Amino acid sequence: MRSVNWLLLALASVAVTPLAGQRPSPPAPASVLGFEPGAERRLAEWGPIAAYFRALDAASDRVLVRELGRTSNDAPFIAVFISSPANLARLPALRDTQRRLADPRTIRDSTEAAQLLARGRAFVLITSSIHSTEVGGFFSPLEIAYHLARGASPEVLRILDSTVIMLVPSLNPDGVTIVSRWYSRTLGTPAEGSAPPEPYHRYVGHDNNRDWYAFTQVETRLVVDSLYGVWHPQVTMDIHQQGAYGSRIFVPPYLDPIEPNVDPLLVQGVNALGLAIAWRLTADGLTGVSVNTSYDMWTPARAYQHYHGAVRILTETASAELATPITVPVDSFRAGDGLDSRRASWNFVAPWPGGRWTLADIVRYQSAAAVAMLSHVARHRVEWLRAFLKVGQRAVRGWDGWPYAFVIPTAGQDPTGLATLLQILRHGQVEVRSALTPFFIGRERFSPGTYVVVLRQPYAAFAKALIERQAYPELREYAGGPPRRPYDATAFTVPLLLGVRVITLADSLPVPLSAPITAPIPVFRAPGLSTGNGGNQRSPTRLGLYRSYTAPMDEGWTRWVLDTYGIPFASVEDSAVRAGNLGARYDAIVLPSMQPRAILDGLPPRRYPAPYAGGIGAAGVQALREFVDGGGTLIALNAASDFAIGALDLPITDVLATLSPREFYAPGSIFRMILDPAHPLAEGMPEQSIAWFEGGPAFEVRDPSRARVVARYPGVPGEILLSGWVIGPHQIAGKAALVEVRRGRGKVVLFGFRPQYRGQSQATFPLLFNAIRGAAREAR
C-alpha cells in the first residue's frame, strides 16, 4: 500500500455531493486511515496522516494546511491552522498584531496596547509525536482537529473565535513511518510492541527534543523559523508519553528547579494552566492525573517557549507497547520523583485503579487535555495576551540585576564557532548589533564590527540563559541522601561549548551600534578530512563508525557531525565486527558512547529476530583486538572507553567505576580540561579547553610506557566545574580525561567525555578529528 496516492484517497473520502456553494462535511479520520484512531494493533504511516489533514483542509473553512518544508528524509513537514473562518480570513492582520505584542517597542502607548489586546487572538501551538515510539501522538492531533472542524458546541465555537491553533501533527514525520513499518513487520512475533532497531530520527533519535537551543536539525529550524518567529504563540502544548507504570497523565506544575531566566509570570502561567487542565480532566472522570512530578523547568533544550513569552504545557501520558494493549496491575506501580501512584496525594488526587491500558486510552487522555487547555485559553484570551505583553515589556526594560550587554569580539575567535553562535541567536530571535566605532572595556580595545547583544530586547532572556554559566542547585532525594537526578543536562553555556569568548558588560556601552546584523553562515570543514558533503572524493582515512542495533543517540550525533563536516565514513554493524579482518577495510573505528554491556550483548534475542539480536560478542572483541594489534586505531567515546579498557586489556583504570552518586556525580556538566599541546591529538587546540561530562570515566594510567595523557582535569577541585553541577570534584582532580594507549602496532584513543556532544561542543571537535586524521598517518 505504500504506492497509494494518499491525498487522492483522502479527497475521495469526502466526495459527498454538497449543495451549491457549500463545502462537504469534514471527513472522519477513519475514512482516510481505514480504522479508528486508537484502534488496537494498528498504526499509520506519515502519508495517510498528512493526507487526512489535507482532506480536512479541503472540506472545512476552519482548517488551513501549510507545508513548512521538508524533513531530514524529505517528507512534507506540515502545520495545520485551525480557527473560525473569520479569523483565518484575517490571518495577515492577526500576524501583525502578534508581531507588535511580541515587541512592546512597536507600541506607542497604553491606548494602542489596549486596542491590540482587544482585537488580538490567543495563538496556541500544539506539537506532537516528536518521539515516534510515543504513538498516541500519531492520532491525537487527528482527533483534536476533527473535533474542532465539525463541532458546534458553545465551547468549540468559543475556542475557534478566541484562538488560532497551530497544530503540528508530528515534529518528526520520518519517525512516524519508521515506527509504523517496524510495528507492522513484527505483529504477531515476540518483537511486537518493541522499539525499532534504528533511530526513529535520521540522526538523533530521542534527542530531537533536546535541540531547542542549538537548532542543529532541520525539523527544529522549521518550527522555530516558520511558527515561533512569525506567529509568536502565547501558549504551547507538547504531547508526549511516559512509562506505563506510573500516573496515566502528567501536566504541570513542574518540579524545581526553575531556570532563573524564565519570567515569573510565565512560571505562574504554567502553574495556573496546568492545574486548570488537571481540574478539568478530574471533573470529566479521568483518573491517574499527576502534577508536579518527574519533569523540571531547567533547560532551554526542551523549552524554547519559556524564553519567548509563551508557556509550555507538557503532557506525558502512560504508554502501552506501541499499539499493543497491556495490563498494568496496581501492585506494579513504581514510586519516585515526588509521586507514589498507588496512593492519593495533593499532586495525585485520584489514583488509577490499574487494569487494561490501550492506545485508545492514550488518545482519549491526550485529546481531552488539549481540549481542556484550549477551553481555558479561550475563556481567558485577553489575560493570556496581556501576560505575553507584560513579559516582553519587562524584557525590554531589563530585569533588575541583569548586565547591560554581552560583547562578542571578532578577533582571535574560531570563525565556525563564532558564526554558529550568531546563527543560534538569530534562530532565537535575538538582536545582535555591531559597534560602529572602536571602544574600550578596561584596557582592552575592541574594533569596529565587534558584536554586541544588548539585554534590553524582547528575547534577552534567551541570550542570557545561553551565554551565562549555569549553577545548578544541589538537590538531594532527602537530607544527606543521593542526588536527585535532573530530567536532563544541567549545563548549556553555548560560548563554552563552541569555544567562543564573550565578555559580560555590566553598564551601558557609550558607542553607536548598527541595526541588527545578518548572521554569517558557518562553514563546516575539517582540514585533511573533509571531502565535500557528498563524500564522493577519496578520503585520507578509511573511517568506520560502529552502529549498534540498540540505536544509541551518540552514534546518531556522531554521524551528523561527520556528515555536516563532509567526512566520509562507513557504518559498521555487529555482524561486520564479528566477521573480523577489519584492518582490510578501516584505518580507524569509532565507538560512540555506549555502556559496555550494550556493545557486547546488544538487543535481547528472546525479543528481537536476526540480524538485530546480540551485540559484537566474544568474536567481535577478538576482531577489535586483531584490528588494533595489526595497526588500526580504535577511538572510544565516553562510556565506550570502559568497554575498550576491559576488552583490550589496556593498562588504564577508570577511577570513577566503583563510586556511588553520593561520592561523584556530574549529570551533564561542562568541565575545564588542560591539554598537552605537544601531543598530535591536541594540535590546533588551546592549552585549556572544555570537556562535556555526562556519565563518562576518568582515567589513571598504570603503565606510562604504553599510555600517554593528552588531557587532564585541573589538580585543584574548585577549578574543574565551569558550568552545571558536580558532586565530589576531588575524585577527578588531576586525573586524565583523554588518553592515547599503544597496543601492538596500533593504538586506542580513550575519551572520558563526549567530544561531539549533541552536535554542540565544537570546541572539542578538533580532538576527534585529530584522532581520525592520526589514524591515516599511522596507516601510511
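What you are looking at is a predicted structure, and each value in this text was computed from that prediction instead of being measured. (Residues numbered from 1 in each chain as written. Predicted model: local features only at pLDDT ≥ 70, side-chain atom pairs only at ≥ 80, totals over all residues. Heavy atoms only, no water.)

Peer 1: Help me understand the overall build of the protein chain, please; the structure alone is not making it clear to me.
Peer 2: A count of helices and strands for the protein chain gives 22 helices and 32 strands. Its C-alpha radius of gyration of 27 Å places the protein chain within 12% of the 28 Å reference for a compact globule of 780 residues. Each of the three principal axes of the protein chain carries a C-alpha extent, and together these read 85 × 70 × 60 Å. Buried residues in the protein chain amount to 62% of all 780 residues. Intrachain contacts of the protein chain at a sequence separation of at least 6 include 79% that bridge at least 24 residues. Put simply, the protein chain shows about 28,500 Å² of open surface, and 52% of that area lies on carbon and sulfur atoms. Averaged over its 76 positive side-chain charges, the protein chain has a centre that lies 3 Å from the centre of its 66 negative ones. (Helix = DSSP H or I, 4+ residues; strand = E, 2+ residues; numbered from the N terminus. Rg over C-alpha atoms; globule rule 2.2 N^0.38 Å. Buried < 20%, exposed > 50% of the residue type's maximum accessible area, 1.4 Å probe, protein only. Contact = heavy atoms within 4.5 Å. Areas by Shrake-Rupley, 256 points an atom, 1.4 Å probe, with all protein chains shown as cover. Lys, Arg positive; Asp, Glu negative; His and termini not counted. Charge placed at Lys NZ, Arg CZ, Asp CG, Glu CD.)

Peer 1: Could you clarify how one ought to interpret the side chain of Glu 155 in this entry?
Peer 2: Structurally, the position occupied by Glu 155 is in helix H8 (residues 154-162). Not counting chain neighbours up to four residues away, the residues in contact with Glu 155 comprise Arg 280, Val 371 and Ser 375.

Peer 1: I would appreciate a short explanation of helix H7 (residues 136-150) in the present structure.
Peer 2: Side chains three or four residues apart in an α-helix point the same way, a direct result of the helix having 3.6 residues per turn. Taking 1.5 Å as the rise per residue, H7 with 15 residues should run 21 Å; its terminal C-alpha atoms sit 22 Å apart, in good agreement. With respect to burial, H7 is a largely interior element, twelve of its 15 residues being buried. Burial in H7 covers these residues: Gly 136, Gly 137, Phe 138, Phe 139, Ser 140, Pro 141, Leu 142, Ile 144, Ala 145, Tyr 146, Leu 148 and Ala 149. (Expected span 1.5 Å × (residues − 1).)

Peer 1: So what exactly am I meant to see when it comes to the packing of aromatic side chains here?
Peer 2: One pair of aromatic rings is described through two measures. These are the centre distance and the angle between the planes. Within the structure shown, the criterion is met by 37 aromatic pairs. With centroids separated by 5.6 Å and ring planes inclined at 85°, the aromatic side chains of Trp 182 and Tyr 612 adopt a geometry described as edge-to-face. A residue pair is termed long-range when its members are at least 10 positions apart, and Trp 182 in helix H9 (residues 173-186) and Tyr 612 in the loop between helix H19 (596-601) and helix H20 (617-629) qualify at 430 residues. Residue Trp 182 shares its accessibility class with Tyr 612, and that shared class is buried. (Phe/Tyr/Trp six-rings, centres within 6.5 Å; stacked < 30°, edge-to-face > 60°.)

Peer 1: Help me understand the side chain of Lys 747, please; the structure alone is not making it clear to me.
Peer 2: By the element assignment, Lys 747 lies in strand E32 (residues 746-751). The class for Lys 747 is buried, based on a relative accessible area of 6%. Polar side-chain contacts of Lys 747 include one of 3.5 Å to the side chain of Glu 740. (Polar contact = N/O pair within 3.5 Å; in protein donor to acceptor, adjacent residues only side chain to side chain.)

Peer 1: What is the right way to read the sheet that holds strand E1 (residues 63-70) from this model?
Peer 2: Sheet strands pair by backbone hydrogen bonding; their relative direction is either parallel or antiparallel. Ordered by their spatial adjacency, eight strands build an open sheet running E1-E2-E4-E3-E5-E10-E6-E8, and the pairing between neighbours is mixed. Two strands lie at the open edges of the sheet, namely E1 and strand E8 (289-290), each paired on one side alone. With six bridges joining them, strand E3 (residues 122-128) and strand E4 (residues 163-168) adopt parallel strand pairing. Paired with Leu 125 across the bridge in E4 is Met 166. Against the sheet, helix H12 (residues 359-379) contacts E3, E4, strand E5 (235-242), strand E6 (249-250) and strand E10 (311-318), and its axis sits at roughly 165° relative to E5. (Pairing = 2+ DSSP bridges. Axes fitted to C-alpha atoms, helices over the stretch in contact; angles between N-to-C directions.)

Peer 1: Can you walk me through the environment of Tyr 451 in this structure?
Peer 2: With respect to the helices and strands, Tyr 451 occurs in strand E19 (residues 451-454). Here the alpha-carbon distance between Tyr 451 and Ile 645, two residues 194 residues apart in the chain, equals 45 Å. Apart from the residues within four sequence positions on either side, Tyr 451 is in contact with Phe 406, Val 407, Ile 408, Thr 410, Leu 418, Leu 422, Val 432, Arg 433, Ser 434 and Ile 517.

Peer 1: I'm lost on the packing of helix H11 (residues 264-283) against helix H13 (residues 381-397) in this one. Help?
Peer 2: The relative placement of two packed helices comes down to the angle between their axes together with the axis-to-axis distance. For the pair H11 and H13, the least separation of the axes is 9 Å and the interaxial angle reads 155°. Accordingly, the angle class assigned to the pair H11 and H13 is roughly antiparallel. Relative to H13, the crossing made by H11 is left-handed. Residues Pro 264, Leu 265, Leu 266, Gly 269 and Leu 273 of H11 pack against Trp 384, Ala 387, Lys 390, Val 391 and Arg 394 of H13. Each residue belonging to the contact of H11 with H13 can be placed in one class, and the counts come to seven nonpolar, one polar and two charged. (Parallel < 35°, antiparallel > 145°, perpendicular 65-115°, else oblique. Left-handed = near helix turned anticlockwise from the far one by under 90°. Nonpolar A, V, L, I, M, F, W, Y, C, P; charged D, E, K, R; others polar.)

Peer 1: Help me understand H20, please; the structure alone is not making it clear to me.
Peer 2: Between its first and last C-alpha atoms H20 spans 19 Å; for 13 residues at 1.5 Å apiece the expected length is 18 Å, and the two agree. The set of residues buried in H20 consists of Gly 620, Val 621, Ala 623, Leu 624, Phe 627 and Val 628. For H20, the angular spread of buried residues about the axis comes to 160°, placing them on one side. One or two positions beyond H20, positive phi appears at Gly 631, with a value near 115°. (Arc of directions from axis to C-beta.)

Peer 1: Whenever I open this one, the sheet that holds strand E15 (residues 405-408) confuses me. Can you help?
Peer 2: Sheet architecture is open: four strands sit in the order E16-E19-E15-E20, paired in antiparallel fashion. Since the sheet does not close on itself, it has two edges, and those belong to strand E16 (433-434) and strand E20 (503-505), each with one partner. Bridge count for E15 against E20 is three bridges, and the pairing is antiparallel. Bridged to Phe 406 within E20 is Thr 504.

Peer 1: Quick question: what am I supposed to make of the pattern of salt bridges here?
Peer 2: A side chain with one charge may pair with a side chain of the opposite charge, provided their charged atoms come close. A complete count under the given rule lists 38 salt bridges for this structure. Its salt-bridge partner being Arg 280, residue Glu 155 comes within 2.8 Å of it at the nearest N-O pair. With Glu 155 in helix H8 and Arg 280 in helix H11, this pair connects stretches of sequence that are 125 residues apart. Taking the relative accessible area as the measure of exposure, Glu 155 reaches 19% and is therefore buried. With relative accessibility at 27%, the residue Arg 280 sits in the partly exposed group. Here Arg 758 ties to Asp 207 by a salt bridge, and the two come within 3.3 Å at their closest N and O atoms. (Salt bridge = Lys/Arg side-chain N within 4 Å of Asp/Glu carboxyl O.)

Peer 1: Just to check I follow, could you spell out the pairing of E32 for this structure?
Peer 2: A regular strand carries its side chains on alternate faces of the sheet. With six of its six residues buried, E32 lies for the most part within the structure. Burial along E32 is two-sided: the face carrying Gly 746, Val 748 and Leu 750 and the face carrying Lys 747, Val 749 and Phe 751 are both buried. Direction of pairing for strand E24 (residues 633-637) relative to E32: parallel, over a ladder of five bridges. The partner of Thr 633 across the bridge, within E32, is Lys 747. By the bridge criterion, six bridges tie strand E31 (residues 736-743) to E32 in an arrangement that is antiparallel. Note that in E32 the partner of Arg 743 across the bridge is Gly 746.

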